[in-house]
Amino acid sequence: MKIVNENKIFTLISVDKTTEGNSVKLELNGNPFLPREFNAKKYFKYQLVIYGLKNENKFIKEISEFIESYIDIDELENKKLDFWSDGYHIGELEFDGYDEIVEPYEKEDWIKEHKELIEYHHRNSDNSIKDFYRRRKFIDNLEVFLNKEIGNYKTKNEFLTDKQKAVKTNKKAIELANKIQYLIEQ
């Protein structure tokens, strides 16, 4: 398994400066988050250690903005790594060398993955409840508004009985409001 030039999208988990001189370690996740068919043999830990960086601090600052984002890394012919995130070009980085560390999941990794799935589930559940309440509030406000407008148009029609053009316009508005109410009920 490879990381660079793999034509695989990874999620950037962390960026750390290592104690070994002039190197940076990128922790990546290339595992399927919610696979349709589970296969434990497809889960790995991915780390990319890059040595001999030019403008190391600038690189760490720029790449740190993309933590928890998708990232793609390619090696160019002129000893540069090319970083992309969802079609956005992060930049090119000159380097002396790099190590790709790909290891199978261990028990701690499975526990961490399980905790992330639980957090994901709860976050989605909370968001769907909030969306439901927002939609319900919008529909309730819309129904109140439509009922009020229908009542206003009916009252106007009582006063405008001798002006047939205005009455027809009001009746069309009432019909439209009734159609919208019917759509809401659907």
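Residues numbered from 1 in each chain as written. Predicted model: local features only at pLDDT ≥ 70, side-chain atom pairs only at ≥ 80, totals over all residues. Heavy atoms only, no water.

Here we take up the packing of aromatic side chains. Under the definition given, this model contains 11 aromatic pairs. Consider the rings of F132 and Y133, whose centres lie 5.7 Å apart with planes at 65°: the pair is edge-to-face. Taking relative accessible area as the criterion, Y133 reaches 55% and is therefore assigned exposed. Through a chain of ring-to-ring contacts, three or more aromatic side chains come together here, namely F38, Y43, Y105 and W110. (Phe/Tyr/Trp six-rings, centres within 6.5 Å; stacked < 30°, edge-to-face > 60°. Buried < 20%, exposed > 50% of the residue type's maximum accessible area, 1.4 Å probe, protein only.)

Moving on to helix α1 (residues 56-64). Regarding α1, the residues found buried are E56, F59, I60 and I63. The arc that holds every buried residue of α1, seen down its axis, measures 100°, which confines them to one face. Across α1 from its buried face, at more than 90 degrees, point the exposed residues N57, K58 and K61. Each element contacted by the buried residues of α1 is listed here: β1 (10-17), β2 (23-29), β4 (70-76), β5 (80-85) and β6 (88-94). (Helix = DSSP H or I, 4+ residues; strand = E, 2+ residues; numbered from the N terminus. Arc of directions from axis to C-beta. Contact = heavy atoms within 4.5 Å.)

Let us now look at the packing of helix α2 (residues 107-159) against helix α3 (residues 164-185). Following both chains from N to C, one finds α2 and α3 inclined at 160°, their axes separated by 9 Å at the closest point. The angle between the axes of α2 and α3 places the two elements in the roughly antiparallel class. Note that α2 runs across α3; the crossing there is left-handed. In this structure, α2 contributes I139, L142, E143, L146, N147, I150, Y153, K154, K156 and N157 to the contact, and α3 contributes A166, V167, N170, K171, A173, I174, A177, N178, I180, Q181 and I184. Class assignment for the residues of the contact of α2 with α3 results in 12 nonpolar, 5 polar and 4 charged. (Axes fitted to C-alpha atoms, helices over the stretch in contact; angles between N-to-C directions. Parallel < 35°, antiparallel > 145°, perpendicular 65-115°, else oblique. Left-handed = near helix turned anticlockwise from the far one by under 90°. Nonpolar A, V, L, I, M, F, W, Y, C, P; charged D, E, K, R; others polar.)

Let us now look at the sheet that holds β6. The strands that make up a sheet are held in pairs by hydrogen bonds between backbone atoms, and each pair lies either parallel or antiparallel. The strand order across the open sheet built from 7 strands is β6-β5-β4-β1-β2-β3-β7, with neighbouring strands paired in antiparallel fashion. The open sheet has two edge strands, β6 and β7 (97-104), and neither has a second partner. When strand polarity is set aside, the average angle formed by the axes of neighbouring strands in this sheet is 30°. Inspection of the sheet shows β1 paired to β2 by 6 bridges, in the antiparallel sense. By the bridge assignment for β2, V15 is matched with L26. Where α1 meets the sheet, its contacts fall on β1, β2, β4, β5 and β6, and the angle it forms with β1 comes to roughly 145°. (Pairing = 2+ DSSP bridges.)

Now for α3. Over its 22 residues, α3 runs 31 Å from end to end, which matches the ideal 32 Å to within 8%, given 1.5 Å per residue. All buried positions along α3 are accounted for by V167, N170, I174, A177 and Q181. An end-on view of α3 places all buried positions within 85° of arc, on one side of the element. Every exposed residue of α3 that faces more than 90 degrees away from the buried side is listed here: K165, K168, K172, L176, K179 and L183. (Expected span 1.5 Å × (residues − 1).)

Let us look at the nonpolar core. L26, L28, I50, F59, I73 and F83 are the most contacted members of the largest nonpolar core, which totals 24 residues. Within the residue set of this core, elements represented by two or more residues are β1, β2, β3 (44-51), α1, β4, β5 and β6. The biggest single contributor to this core is β3, with 4 residues. Beyond its immediate sequence surroundings of up to four residues, L26 is in contact with L12, S14, V15, Y46, Q47, L48, I50, F59, I73 and F83. (Core = buried A, V, L, I, M, F, W, Y, C linked by side-chain atoms within 4.5 Å.)

So, on to unusual backbone geometry. Within the chain, N5 stands out as a residue other than glycine whose phi angle is a positive 60°. Mapping N5 onto the fold places it in the segment before β1. We note that N55 has phi near 60°; this positive angle belongs to a residue other than glycine. By the secondary structure assignment, N55 is in the loop between β3 and α1.

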